[in-house]
Amino acid sequence: MNETSDPYPRLSFTGMSEPDETLHPELAEALTEINGQPFIRHPLHCKPFKSQGETMLFLGPREEVEWHNKALAQKKALVEQAYESSDWKQYVDWHEKPYRGRAIQYLSDMDELSHHEYWGLLAYVWPMVETPSTDLDTWTELWTSSRPKPEGFFTLPVPDDPLTVFRGVQLSLMEDGLSWTLSRDRAQWFADRHGDDGHVSERKVLRKDVLYYTNAREEQEIVILPKSLLDDSLAFFPFIGF
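### Topic: the pairing of strand β4 (residues 163–170)
Working step 1: Buried residues dominate β4, accounting for seven of its eight residues.
Working step 2: As paired elements, β4 and strand β6 (residues 198–205) share eight bridges and run antiparallel to each other. Within β6, the residue paired with Val-169 across the bridge is His-199.

### Quick word on the nonpolar core
Side chains that are nonpolar tend, in soluble globular proteins, to be buried together.
Working step 1: Of all hydrophobic cores here, the largest spans 36 residues; its most connected members are Tyr-91, Val-92, Ile-104, Leu-107, Leu-122, Trp-139 and Trp-143.
Working step 2: Elements with a minimum of two residues in this core: α2 (61–84), α3 (88–93), α4 (100–109), α5 (115–125) and α6 (136–143).
Working step 3: Here the element with the most residues in this core is α5; it accounts for six residues.
Working step 4: Not counting the four nearest positions on each side in its chain, Leu-107 is found in contact with Tyr-83, Trp-88, Tyr-91, Val-92, Glu-112, Leu-113 and Leu-121.
Working step 5: Ranked by size, the runner-up nonpolar core spans 11 residues in total, among them Leu-156, Leu-163, Val-205 and Ile-224.

### Description of the confidence of the model for the chain
The predicted coordinates ought not to be read in detail in places where the model reports low pLDDT.
Working step 1: Looking at the chain as a whole, the pLDDT averages 84, with 80% of positions reaching at least 70.
Working step 2: Ranking the elements of the chain by mean pLDDT puts strand β9 (residues 235–238) last, at 52, and α3 first, at 98.
Working step 3: Confidence drops under a pLDDT of 50 for residues 1–20, and excluding neighbours within four residues, the segment shows 36 contacts in the predicted structure.
Working step 4: Taken together, the stretch residues 238–242 has pLDDT below 50 and engages in eight contacts with residues farther than four places along the chain or on a different chain.

### Focus: the packing of aromatic side chains
Working step 1: For the coordinates displayed, the defined rule picks out 14 aromatic pairs.
Working step 2: A centroid spacing of 5.0 Å and a plane angle of 35 degrees characterise the contact between Phe-153 and Tyr-212, whose relative ring orientation is tilted. You can see Phe-153 sitting in the loop between α6 and β4 and its partner Tyr-212 sitting in strand β7 (residues 212–214), a full 59 residues away along the chain.
Working step 3: According to the relative accessible area criterion, Phe-153 is buried, its value standing at 17%.

Cut-offs and rules
- Starting afresh in each chain, residues are numbered from 1 along the sequence in its written order.
- Local features in this predicted model are restricted to residues whose pLDDT is 70 or higher, and side-chain atom pairs enter the listing and the counts only when it is 80 or higher, whereas totals over whole chains, interfaces and linings include all residues.
- Each side-chain value is worked out from all heavy atoms of the structure, with water and hydrogens disregarded.
- Exposure categories follow from relative accessible area, calculated using a 1.4 Å probe and restricted to protein chains: below 20% of the type maximum is buried, above 50% is exposed, and the middle band is partly exposed.
- Secondary structure elements follow DSSP: runs of H or I of four or more residues count as helices, runs of E of two or more count as strands, with numbering from the N terminus.
- Strand pairing is assigned whenever DSSP identifies at least 2 bridges connecting the two strands.
- To form a nonpolar core, buried Ala, Val, Leu, Ile, Met, Phe, Trp, Tyr and Cys residues must be joined to one another through side-chain atoms within 4.5 Å.
- Here, two residues are considered to be in contact whenever any of their heavy atoms come within 4.5 Å of each other.
- Looking at any residue, its pLDDT shows the predictor's confidence there, from 0 to 100.
- Two aromatic rings from Phe, Tyr or Trp, using only the six-membered ring of Trp, form a pair when their centres are within 6.5 Å; if the ring planes differ by under 30 degrees the pair is stacked, by over 60 it is edge-to-face, and anything between is tilted.

This is the structure:
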């Protein structure tokens, strides 16, 4: 993701209490601010950073910096070990959840994955993704790969064509994301989970344009490109409080 699309502002150590040990340069570069609090957002290490008087895990500033540095070093060693042993599932798992798509992309770019391994990893990682919209370009590239999919990669549970799909969103944001569902009730759950400003978007999509279907989380999830949604199928259901 390029810097202009990064939703979190970068931080520096200016004005912060100087730790006795220097934070690893990669971690220092990965310092962001989330809800007004310093946070390290690194592909191998996503954790709060509390070196402004407040301590983490009963650690002082020096000990906290040392803890973060050691955690990164250990994770790097594990990632390297997984890579050297061609344990691609473990390699991806050692990455923080928001970066596992990029881990698959890296392995693919390095020509490390067979077609079967590529699609298997993608199907394995996708149910763990909480907010694919934060790295939409990566996930779009992964799902639209020209690699041939294995036979029986997914099976749609209904014969309809076009399919009716739903998406629960907040304040009309991200209505055209990759993740939709065949279940209106599930979409309503997503619309309701963060407050009273959600709604459900209902659209149509042709079967041939479905990239993936999974019910791994009992969500009847459909993966589609926003451009595949039929233009004449837009409908909304406002939030209804109980």
